[in-house]
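# Descriptive structure summary
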Amino acid sequence: MEEMQIRINAIFDAAGLSDDERSLWLSRLSRAGERFQRVFIESFDGDPEMLAFFTSDLRKRIEAVSDPEKLSLVLSEEKEYFADILNKKS
């Protein structure tokens, strides 16, 4: 468990996350359990740009709460982000 926390902190460092952003992720990671922590490491290790996007996305989703208009904007940004990733891989 301690090894995973070290790796998570290294990922945060590489992405340049602020203390507030780290707290945001850590609160979710602690509630989600070890399996999600592993998925977090596999997903974001070596890809600070993707973590920056998902951090911003997570914050926007929290702020949108259940406002359909705000959530729609977040979804549009997500679609554009993933379309760009798919286009780069093609």
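Please refer to the structure higher up on the page.
Presented here is an overview of the structure given in this document.

Moving on, we get to unusual backbone geometry. Positioned with a positive phi, valine 65 is a non-glycine residue whose angle comes to about 50°. Note on valine 65: relative accessible area 61%, which makes it exposed.

Let us now look at the packing of helix 3 (residues 34-44) against helix 4 (residues 48-64). At a closest axis distance of 8 Å, the pairing of helix 3 and helix 4 adopts a crossing angle of 125°. In terms of axis orientation, helix 3 runs oblique to helix 4. Where helix 3 approaches helix 4, its residues Phe40, Ser43 and Phe44 are matched on the opposing element by Pro48, Met50, Leu51 and Phe54. When the residues that make up the contact of helix 3 with helix 4 are grouped by side-chain class, the tally is six nonpolar, one polar and no charged.

With that settled, consider the side chain of aspartate 57. The topology assignment puts aspartate 57 in helix 4. Excluding its chain neighbours within four sequence positions, the residues that come into contact with aspartate 57 are Val74 and Glu78.

The rules we used
- Residues numbered from 1 in each chain as written.
- Predicted model: local features only at pLDDT ≥ 70, side-chain atom pairs only at ≥ 80, totals over all residues.
- Heavy atoms only, no water.
- Buried < 20%, exposed > 50% of the residue type's maximum accessible area, 1.4 Å probe, protein only.
- Axes fitted to C-alpha atoms, helices over the stretch in contact; angles between N-to-C directions.
- Helix = DSSP H or I, 4+ residues; strand = E, 2+ residues; numbered from the N terminus.
- Parallel < 35°, antiparallel > 145°, perpendicular 65-115°, else oblique.
- Contact = heavy atoms within 4.5 Å.
- Nonpolar A, V, L, I, M, F, W, Y, C, P; charged D, E, K, R; others polar.

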